[in-house]
Amino acid sequence: MRHGKKVNHLSRQTGHRKAMLANMACSLIEHKRINTTVAKAKALKQFVEPLVTKSKEDTTHNRRIVFSYLRNKYAVTELFREVAAKVGDRPGGYTRIIKLGNRLGDNADMAMIELVDFNTLYNATKKEAKKTTRRGRTKKADAPVAEAPATESNETSEATE
């Protein structure tokens, strides 16, 4: 029975797995999104989200705890400065996993894992939708469009006469 065993070992020994997750977490913090397999993305999500939560409170103790996991001072600095500033009001769910399909070489399930607040495509559409109401958009959008063709048709009818 496997009660309470949540760790995916990823076919690696403990030291190799910890080093790989630390390197992937540093790459995710630096580049804001990375492509990997689905299994590694899920393991990375469990690894990095508690570190992002720690970074929301910038204390020496939290920096040392995060550094003991990441072992890269540049990634720790980036996490506590830029990433923590963007996720300060978010209660959790700092990463998103998007499945990409299968890899050509070995048919492995691939995924892209990214930090949620750094994707400008998703965030831009949501902010624009919140600014205006449905009623306000239809009036403003339909009124100029309805007037423009009517004036052109009047001009064309006058030109033909």
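Analysis parameters
Residues numbered from 1 in each chain as written. Predicted model: local features only at pLDDT ≥ 70, side-chain atom pairs only at ≥ 80, totals over all residues. Heavy atoms only, no water. Helix = DSSP H or I, 4+ residues; strand = E, 2+ residues; numbered from the N terminus. Buried < 20%, exposed > 50% of the residue type's maximum accessible area, 1.4 Å probe, protein only. Contact = heavy atoms within 4.5 Å. Salt bridge = Lys/Arg side-chain N within 4 Å of Asp/Glu carboxyl O. Core = buried A, V, L, I, M, F, W, Y, C linked by side-chain atoms within 4.5 Å. Expected span 1.5 Å × (residues − 1). Polar contact = N/O pair within 3.5 Å; in protein donor to acceptor, adjacent residues only side chain to side chain. Pairing = 2+ DSSP bridges. Axes fitted to C-alpha atoms, helices over the stretch in contact; angles between N-to-C directions. Parallel < 35°, antiparallel > 145°, perpendicular 65-115°, else oblique. Nonpolar A, V, L, I, M, F, W, Y, C, P; charged D, E, K, R; others polar.

(A) Inspection of the environment of Met 112 at higher detail. You can see Met 112 is positioned in strand S3 (residues 109–115). Its relative accessible area of 15% is what places Met 112 among the buried residues. Residues Met 112 and Ile 98, 14 residues apart in the sequence, show an inter-C-alpha distance of 5.1 Å. With sequence-adjacent residues up to four places away left out, Met 112 is seen in contact with Arg 33, Ile 34, Asn 35, Arg 96, Ile 97, Ile 98 and Leu 100.

(B) Inspection of the pattern of salt bridges at higher detail. Counted by the stated rule, this structure contains 6 salt bridges. The residue Arg 63 makes a salt bridge to Asp 58 at a minimum N-O spacing of 2.9 Å. Residue Arg 63 is classed as partly exposed on the basis of its relative accessible area, which comes to 25%. The salt bridge partner of Arg 103 is Asp 106, with a shortest N-O separation of 2.9 Å. Since its relative accessible area comes to 48%, Asp 106 is described here as partly exposed.

(C) A look at the nonpolar core. Among the nonpolar cores identified, the biggest contains 31 residues, and Leu 44, Phe 47, Leu 70 and Leu 79 are the most heavily contacted of them. Looking at this core, the elements that each hand over two or more residues are helix H1 (14–31), helix H2 (38–55), helix H3 (60–70), helix H4 (73–86) and S3. Those residues in contact with Leu 44 that lie beyond four places of it in its chain are Leu 21, Met 24, Ala 25, Leu 28, Ile 34 and Ile 113.

(D) Region of interest: H2. The terminal C-alpha atoms of H2, which comprises 18 residues, lie 25 Å apart, in line with the 26 Å expected from a rise of 1.5 Å per residue. Those residues of H2 that fall on the buried side of the exposure criterion are Val 38, Ala 41, Ala 43, Leu 44, Phe 47, Val 48, Glu 49, Leu 51, Val 52 and Ser 55. Check the buried side of H2 and you find it contacts H1, strand S1 (33–37), H3, H4, strand S2 (95–102) and S3.

(E) Up close: the side chain of Asp 117. One can find Asp 117 in the loop between S3 and helix H5 (120–131). Reaching out from Asp 117, the side chain makes a polar contact with the side chain of Arg 90 at a distance of 2.8 Å. If near-sequence neighbours (up to four positions away) are discounted, Asp 117 is found in contact with Lys 86, Val 87, Arg 90 and Asn 123.

(F) The sheet that holds S3, seen in detail. Strands sit in the order S1-S3-S2 across an open sheet of 3 strands; the sheet is antiparallel. Both edges of this open sheet fall to S1 and S2, since each of them pairs with a single strand only. Each strand axis lies, on average, 25 degrees off the axis of its neighbour in the sheet, ignoring direction. Strand contacts of H1: S1, S2 and S3, with the helix running at about 145 degrees to S1, the strand carrying the most contacts.

(G) Highlighting the packing of H1 against H2. Two elements in contact, H1 and H2, have axes whose closest approach is 10 Å; the angle formed by their N-to-C orientations is 80 degrees. Regarding the angle of H1 to H2, the classification is roughly perpendicular. On H2, the residues that touch Met 20, Leu 21, Ala 22, Met 24, Ala 25 and Leu 28 of H1 are Lys 40, Ala 43, Leu 44, Phe 47 and Val 48. Partitioning the contact of H1 with H2 into residue classes produces 10 nonpolar, no polar and 1 charged.

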